[in-house]
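# Coordinate inspection notes
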Amino acid sequence: MDLADLFEQGGPLMWGILLASIVGVAVFLERLWSLQRARVLPRPFVDRIRGLVSKRKTSEALLLCEENGSSIALLMAAALRTHEYGKTRAGIKEAVEEVGNREVAHMDRNVEIVGTVASITPLMGLLGTVIGMISVFQNFVESYKSGMVGPDTFAEGIWQALITTAFGLTVAIPMLLAYKFLQGRNDRLVVEMEEDAMGIVDLLEDAQRADASRNGHEDRRARVREVDADDDEVKSRSERDEEERR
């Protein structure tokens with residue numbers, strides 16, 4: 001007996017399990033493509049942005065982030081844009097977290113479909129088995145009335161009823177593994193994105209402190225020059241007054 005015969009004897013619920021498996025595999029492949037590191041967290045791009053921010057080239061870094069379109073680029077763009085508005089670290093961090101929440105939700109999109117397939121297919125198989133067992137007992141009653149009860153009445157009906165359970169488990173086990181794999185990949189990418197985003201926030205904070213310190217030094221130098229100028233003017237007046245008295 002080949003697989004086609006087994007599939008046919010499993011009953012109509014076999015088609016439901018097959019359809020669920022097709023949906024699960026399609027979603028898994030789509031998520032696998034969308035969650036590639038190069039599409040979510042390209043490391044060379046992150047290193048380039050960090051280098052530009054370290055050199056205080058935030059405008060150029062923001063332009064590159066807006067052109068890139070990856071998830072980490074959107075987070076970094078939010079941080080750089082907020083920095084240009086003159087916000088403090090708290091404001092920059094809040095903007096990054098807001099964009100990050102949206103990106104995490106986008107990354108989690110459709111992953112639960114794979115988990116749902118892993119959960120529902122064994123139940124569909126069990127339902128098919130229950131329906132098959134009901135049919136077995138109905139046949140047993142009819143055979144008993146006609147006086148043709150034998151071991152085949154139960155044996156053949158039971159193994160046919162168990163086909164759907166076996167098929168459901170065959171689909172559910174790999175789908176569960178695929179679901180856990182996607183969850184693990186998502187979690188790792190989210191953690192790395194948070195670390196890289198907070199790294200940019202720290203660099204921007206350092207830049208703000210450096211600018212504030214430089215401005216403070218320039219203000220002190222300006223005040224010193226003003227004081228020196230006032231002293232020179234007073235000294236000059238004193239010299240003129242002394243010459244006039246002579």
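Residues numbered from 1 in each chain as written. Predicted model: local features only at pLDDT ≥ 70, side-chain atom pairs only at ≥ 80, totals over all residues. Heavy atoms only, no water.

## Considering helix α5 (residues 58-68)
- Buried within α5 are the following residues: T58, A61, L62, L64 and C65. Down the axis of α5, the sector holding all buried residues measures 165°, keeping them to one side. Away from its buried face, by an angle of more than 90 degrees, α5 presents the exposed residues S59 and E67.
- Just past α5, the residue G69 takes up positive phi, approximately 85°. (Buried < 20%, exposed > 50% of the residue type's maximum accessible area, 1.4 Å probe, protein only. Helix = DSSP H or I, 4+ residues; strand = E, 2+ residues; numbered from the N terminus. Arc of directions from axis to C-beta.)

## Regarding the packing of α5 against helix α6 (residues 71-84)
- Relative to each other, α5 and α6 sit at 145°, their axes nearing to 9 Å. Between α5 and α6 lies a crossing of left-handed hand. Packed against α5, whose contacting residues are T58, S59, A61, L62, C65, E66 and N68, the element α6 presents A73, M76, A77, L80, R81, H83 and E84 at the interface.
- Residues that form the contact of α5 with α6 fall into these classes: 7 nonpolar, 4 polar and 3 charged. (Axes fitted to C-alpha atoms, helices over the stretch in contact; angles between N-to-C directions. Left-handed = near helix turned anticlockwise from the far one by under 90°. Contact = heavy atoms within 4.5 Å. Nonpolar A, V, L, I, M, F, W, Y, C, P; charged D, E, K, R; others polar.)

## Comments concerning the packing of helix α4 (residues 43-54) against α6
- At a minimum axis distance of 11 Å, the contact between α4 and α6 shows a crossing angle of 15°. The angle between α4 and α6 places the two elements in the roughly parallel class. Both α4 and α6 take part in a crossing whose hand is right-handed. Note on element contacts: α6 touches α4 through I72, A73, M76 and L80, opposite F45, V46, I49 and V53.
- Looking at the contact of α4 with α6, its residues break down into 8 nonpolar, no polar and no charged. (Parallel < 35°, antiparallel > 145°, perpendicular 65-115°, else oblique.)

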